[in-house]
Amino acid sequence: MGHYTISGIRFPCAPLCKSQSTGFYGDRRTSSCLSFNFKKEAFSRRVFSGKSSHESDSSNVMVTASKRVLPDGRIECYSSSTDQLEAPGTVSEESQVLTDVESLIMDDKIVEDEVNKESVPMRETVSIRKIGSKPRSIPPPGRGQRIYDIDPSLTGFRQHLDYRYSQYKRLREEIDKYEGGLDAFSRGYERFGFSRSETGITYREWAPGATWAALIGDFNNWNPNADVMTQNECGVWEIFLPNNADGSPPIPHGSRVKIRMDTPSGNKDSIPAWIKFSVQAPGELPYNGIYYDPPEEEKYVFKNPQPKRPKSLRIYESHVGMSSTEPVINTYANFRDDVLPRIKKLGYNAVQLMAIQEHSYYASFGYHVTNFYAASSRFGTPDDLKSLIDKAHELGLLVLMDIVHSHASTNTLDGLNMFDGTDGHYFHSGPRGHHWMWDSRLFNYGSWEVLRFLLSNARWWLDEYKFDGFRFDGVTSMMYTHHGLQVDFTGNYNEYFGYATDVDAVVYLMLLNDMIHGLFPEAVTIGEDVSGMPTVCIPVEDGGVGFDYRLHMAVADKWVEIIQKRDEDWKMGDIVHMLTNRRWLEKCVSYAESHDQALVGDKTIAFWLMDKDMYDFMALDRPSTPLIDRGVALHKMIRLITMGLGGEGYLNFMGNEFGHPEWIDFPRGDLHLPSGKFVPGNNYSYDKCRRRFDLGNSKRLRYHGMQEFDQAIQHLEEAYGFMTSEHQYISRKDERDRIIVFERGNLVFVFNFHWTSSYSDYRVGCLKPGKYKIVLDSDDPLFGGFGRLSHDAEHFSFEGWYDNRPRSFMVYTPCRTAVVYALVEDEVENEVEPVAG
């Protein structure tokens with residue numbers, strides 16, 4: 001059989017075939033072909049994978065053996081039935097434990113003494129692999145009591161919160177005692193999977209359910225008898241392969257590798273759980289694990305330091321594969337060269353990359369992960385991704401990863417599901433281990449080895465690829481046994497701290513944030529939590545979960561609700577409440593719309609506002625329509641007021657800044673649901689799985705003005721830092737005039753949502769005396785407006801209380817406009833000029 005090579009990796013040749021009918025349910029599917037479309041430096045391809053024959057309804061076998069790897073390399077096993085390290089999975093299963101804790105809770109003084117008791121865990125000193133870096137340490141657990149000072153209402157739930165913190169402290173102490181601390185524990189990738197030494201390669205895998213295992217691959221002609229592994233008493237399989245006689249590694253770089261196991265569910269070949277790269281070869285359904293270890297002279301070397309964390313985050317949410325203007329799968333190299341400069345020019349200071357962890361089903365948007373340590377091969381090689389990140393750092397951009405630790409793909413051959421033939425290996429067994437809506441598997445966060453796997457996974461992306469932080473997907477699903485499904489969170493604290501809370505998952509998130517912020521102090525963590533659980537963004541040492549930001553998801557949903565109403569039915573008070581309804585001292589990243597609203601089946605704000613008129617009336621040489629005029633104006637206003645009031649960070653999905661006229665529809669075939677419902681596919685078309693940046697760049701189209709306005713917003717925030725200013729005051733919410741006026745920092749924002757009424761000599765309150773001038777005007781012709789305001793006009797404040805402000809000044813506010821005023825002294829120092837082009 002011949003071979004072909006991609007980026008230094010050899011694959012056996014296989015004929016490309018004509019696409020046949022493909023069906024899928026969730027991320028399990030059948031298909032029979034793959035096509036390659038080469039572009040520039042790397043490759044892009046259409047990839048499908050099939051359901052394994054091992055996904056049969058075989059009997060479940062649970063193996064609950066647990067273990068710890070001691071600092072000297074030995075492994076100590078223990079049983080969860082006799083050792084109390086593994087916390088119960090849900091509060092509802094913790095009745096006995098809670099009963100034991102109640103005796104402490106009965107007396108406040110006893111509780112206080114117990115919580116304040118000083119523990120002496122091992123301090124961890126760790127050297128990050130960075131030239132000139134200083135050793136960093138993970139501080140020991142604090143008292144966890146400051147949350148009650150921040151929010152006295154939490155005192156009524158002290159039993160739950162103190163128990164939660166005690167579980168976290170106990171795990172920290174156990175990890176310190178048996179693993180040498182969180183530093184060593186979170187470097188599991190140095191021990192598990194493939195590790196190279198001067199004398200050879202060691203491969204280790206935790207698979208306690210397997211009864212026999214062998215390492216197979218190109219290097220031994222897939223002979224299962226050539227390299228049989230040995231198992232220790234804790235279920236860890238291991239083999240050492242010595243170097244070849246000439247000193248070369250026993251497994252060549254780019255070789256395909258798998259582990260063959262005899263399991264309770266039958267014989268199976270699986271991709272190693274800790275694999276660093278996996279690829280689907282032509283003509284094959286499941287992916288192949290790739291031993292990725294290029295020679296030193298070929299490894300990518302980072303050239304640029306990581307940027308410091310900015311005070312305010314302006315995030316450009318991106319998907320590498322669909323970032324081309326052409327209907328193809330784009331590459332890391334093209335994104336680096338074509339998209340990163342665009343993001344920088346637009347004024348964003350962070351790029352958030354989706355779908356980086358390998359996922360065998362492209363249309364899952366990257367959320368059904370199969371290989372947690374592998375950078376998606378659709379877009380290029382691991383070194384290509386490193387080059388992208390390094391270029392972003394050169395431009396001063398943070399690179400955040402949309403990481404998935406909330407669930408995993410149900411695939412059995414190229415994923416973790418039934419890895420060792422048992423249902424409860426990495427996941428909860430039975431119904432608790434299956435997400436019925438997402439058709440995915442749910443991790444058992446009470447398992448020692450699951451903690452090692454996931455903590456090490458986060459550490460891997462930060463250490464190896466130099467990511468600057470994470471947006472953690474599905475945090476709500478993790479923190480509750482009901483996963484937030486069919487639940488309306490009203491803000492009642494009983495919804496957050498009760499029997500539906502998954503304490504194991506919350507404690508895992510506390511450990512995770514502890515590890516990240518201790519070892520990578522500049523790293524950013526954002527939790528996608530729609531429930532609004534209190535303490536999510538309070539430091540762990542104070543009793544919180546430890547995220548830096550919560551994704552303010554309710555804002556986008558509320559905008560969808562509002563824009564479907566008539567203008568006459570918009571309530572200024574509702575808009576302000578929606579944007580300001582967040583917890584004190586817990587920072588939020590807000591957005592008017594993200595990728596969720598751009599998906600087929602939903603609508604972006606631009607589509608809600610302008611619908612089909614976007615296809616015929618966006619050219620400047622053609623007359624506009626009332627629908628277009630309204631839509632363009634409100635699109636700009638919605639984005640500015642969301643950024644102005646909604647939080648301490650802001651997010652935009654690529655293309656939404658200029659009102660992208662097409663939805664996102666991944667290539668897919670016809671779908672037959674178990675219910676009998678038929679969902680037609682799109683004949684595997686990539687036409688709607690791309691971004692038409694050319695529309696936003698074209699000065700002949702109204703999209704360009706919308707893009708210029710979004711760019712001006714980002715540069716305004718860079719100059720004035722209004723999102724993170726401590727001063728915020730909302731002075732007017734006028735339901736008759738449809739006017740909203742607020743101060744953020746030294747800026748005064750004036751929004752006129754009225755559809756016909758413009759107001760001359762309109763009085764607006766302000767704090768500081770002086771001369772005010774316009775620094776941003778949504779009605780500027782550059783932004784597709786009508787130019788009704790003079791930017792040379794000067795507005796002098798005068799004394800006297802108005803709208804509870806000590807001073808005020810007069811403005812002209814045209815209908816459907818947003819205007820920002822600044823003191824002249826600030827405007828001279830921080831002047832922002834719109835950037836044309």
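Residues numbered from 1 in each chain as written. Predicted model: local features only at pLDDT ≥ 70, side-chain atom pairs only at ≥ 80, totals over all residues. Heavy atoms only, no water.

Where we set the bar: UniProt positions are given in the numbering used here, feature names are shortened, and annotations may be inferred rather than shown by experiment.
Looking at an unreviewed UniProt entry, one finds the chain named 1,4-alpha-glucan-branching enzyme 1, chloroplastic/amyloplastic and attributed to Manihot esculenta. Under the Catalytic activity (unreviewed entry) heading, UniProt states for the chain: "Transfers a segment of a (1->4)-alpha-D-glucan chain to a primary hydroxy group in a similar glucan chain." The record in UniProt for the chain states the following under Subcellular location (unreviewed entry): "Plastid, Amyloplast".

**Side note on the overall build of the chain**
To keep things clear, this is the line we draw: Only runs of H or I of at least four residues qualify as helices and only runs of E of at least two qualify as strands under DSSP, and these elements are numbered from the N terminus. Exposed residues in this analysis have more than 50% of their type's maximum accessible area, buried residues have under 20%, and partly exposed residues fall in between, with area computed by a 1.4 Å probe over protein chains only. In this analysis, two residues are considered to be in contact whenever any of their non-hydrogen atoms come within 4.5 Å of each other.
Regarding its fold elements, the chain presents 18 helices and 42 strands. Here the chain holds 837 residues, and the buried ones make up 62% of them. Here the contacts in the chain between residues at least 6 apart in sequence split such that 73% fall between residues at least 24 apart.

**Re helix α4 (residues 158-179)**
Counted only if it meets this: One less than the residue count of a helix, multiplied by 1.5 Å, gives the span that helix is expected to have.
In this model, α4 (22 residues) spans 30 Å end to end at C-alpha, consistent with the 32 Å of a helix rising 1.5 Å per residue. Counting buried residues along α4, 16 of its 22 residues qualify, which places the element largely inside the surrounding structure. After α4 finishes, the residue G180 shows a positive phi value of roughly 85°.

**Examining the nonpolar core**
For clarity, the cut-off: Each nonpolar core is a collection of buried residues, namely Ala, Val, Leu, Ile, Met, Phe, Trp, Tyr and Cys, held together in the definition by side-chain atoms within 4.5 Å. What fixes the domain bounds is an automatic or database domain assignment.
Of all hydrophobic cores here, the largest spans 182 residues; its most connected members are W461, F467 and W559. The element best represented in this core is helix α10 (residues 503-519), accounting for 12 residues. For this core, the domains that each give at least three residues are domain 1 (193-272) and domain 2 (725-823). If near-sequence neighbours (up to four positions away) are discounted, W559 is found in contact with W570, I575, M578, L579, A592, I638, I641 and T642. Membership of the second largest hydrophobic core comes to 16 residues, among which are I739, V750, V764 and I774.

**Details of the pairing of strand β21 (residues 350-354)**
Both faces of the sheet carry side chains from a regular strand, because those side chains alternate between them. The cut-off we apply is this: Whether a crossover is right-handed depends on one test, that the path from the first strand over the helix to the second runs clockwise when the strands point away from the viewer. For two strands to be treated as a pair, DSSP must find no fewer than two bridges joining them.
Among the five residues of β21, five are classified as buried, and the element is accordingly described as predominantly covered. Assessed by its sense of winding, the connection that carries the chain from strand β20 (residues 313-319) through helix α6 (residues 332-346) to β21 is right-handed. Alignment of β21 against strand β24 (residues 398-403), held across four bridges, turns out to be parallel. Residue pairing across strands places Q352 opposite L400, the latter belonging to β24.

**Describing the environment of C689**
The topology assignment puts C689 in the loop between β33 (678-679) and α16 (693-697). C689 has contacts with M322, V328, Y362, D665, F666 and P667, leaving out every residue within four places of it along the chain.

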